[in-house]
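Coordinate analysis (summary)
So you can see what is in the structure, the chains are spelled out below.
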Amino acid sequence: QVQLVESGGGLVQAGGSLRLSCAASGLTFTDYTMGWFRQAPGKEREFVAGISWTDSSTYYGGSVKGRFTISRDNAKNTVSLAMNSLKPEDTAVYYCGAGGVTGLGVRSPSGYVYWGQGTQVTVSA
């Protein structure tokens, strides 16, 4: 049974930092690209960042590039998202996903087979 469990969300002031983690189990972690997506109320799920299973290439959404950093630890089956210079518009539920996609497919939710339950990130002005 595959499980993705996110942690690290919370309330932070604008300009602050948070670090999200996603622990994966029940799958061969090194066979999966890992991605972070977010969804705010009334909006579609938005790509935040992804890291490829092939060569750990990283991909970022335009609104977070330069502020967020994704990394993976294949020994611990975890993927992390370091978020700096947070803005109120970063407020959303953040989801971790796992899929076999590479390249441009990393940016689409349809490329991910497994999802976590999500963790809330709230950035106050």
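The notes below deal with the structure included here. All values derive from a computational prediction rather than experimental measurement. (Residues numbered from 1 in each chain as written. Predicted model: local features only at pLDDT ≥ 70, side-chain atom pairs only at ≥ 80, totals over all residues. Heavy atoms only, no water.)

What about the nonpolar core?
- Among the nonpolar cores identified, the biggest contains 29 residues, and Met34, Trp36, Leu81, Met83 and Tyr94 are the most heavily contacted of them.
- Elements with a contribution of two residues or more to this core: strand S3 (18-25), strand S4 (33-39), strand S5 (46-51), strand S7 (68-73), strand S8 (78-83), strand S9 (92-99) and strand S11 (119-124).
- When residues no more than four places from it in sequence are discounted, the contact partners of Met83 are Gly16, Ser17, Leu18, Leu20, Arg67, Phe68, Tyr94 and Val121.
- Phe37, Phe47, Val101 and Tyr112 belong to the second-largest nonpolar core, a separate cluster that totals 6 residues. (Core = buried A, V, L, I, M, F, W, Y, C linked by side-chain atoms within 4.5 Å. Buried < 20%, exposed > 50% of the residue type's maximum accessible area, 1.4 Å probe, protein only. Helix = DSSP H or I, 4+ residues; strand = E, 2+ residues; numbered from the N terminus. Contact = heavy atoms within 4.5 Å.)

What about the side chain of Ser80?
- Note that Ser80 resides in strand S8.
- Each residue touching Ser80, except ones within four places of it in the same chain, is listed here: Arg19, Leu20, Ser21, Trp36, Thr69, Ile70 and Ser71.

Observations concerning the pairing of S11
- Alternating residues of S11 divide into Thr119, Val121 and Val123, all buried, and Gln120, Thr122 and Ser124, none buried.
- Bridge analysis of S9 against S11 gives 3 bridges, and the strand direction is antiparallel. For Tyr94, the partnering residue across the bridge sits in S11 and is Thr119. (Pairing = 2+ DSSP bridges.)

Re the pairing of S4
- Of all 7 residues that make up S4, 6 are buried, and the element is covered over most of its length.
- Of the pairings in the sheet, the one linking S4 to S9 comprises 7 bridges and is antiparallel in character. Across the sheet, residue Gln39 finds its bridge partner in S9, namely Val93.
- Note that S4 and S5 share 5 bridges and pair antiparallel. What sits directly across from Phe37, in S5, is Phe47.

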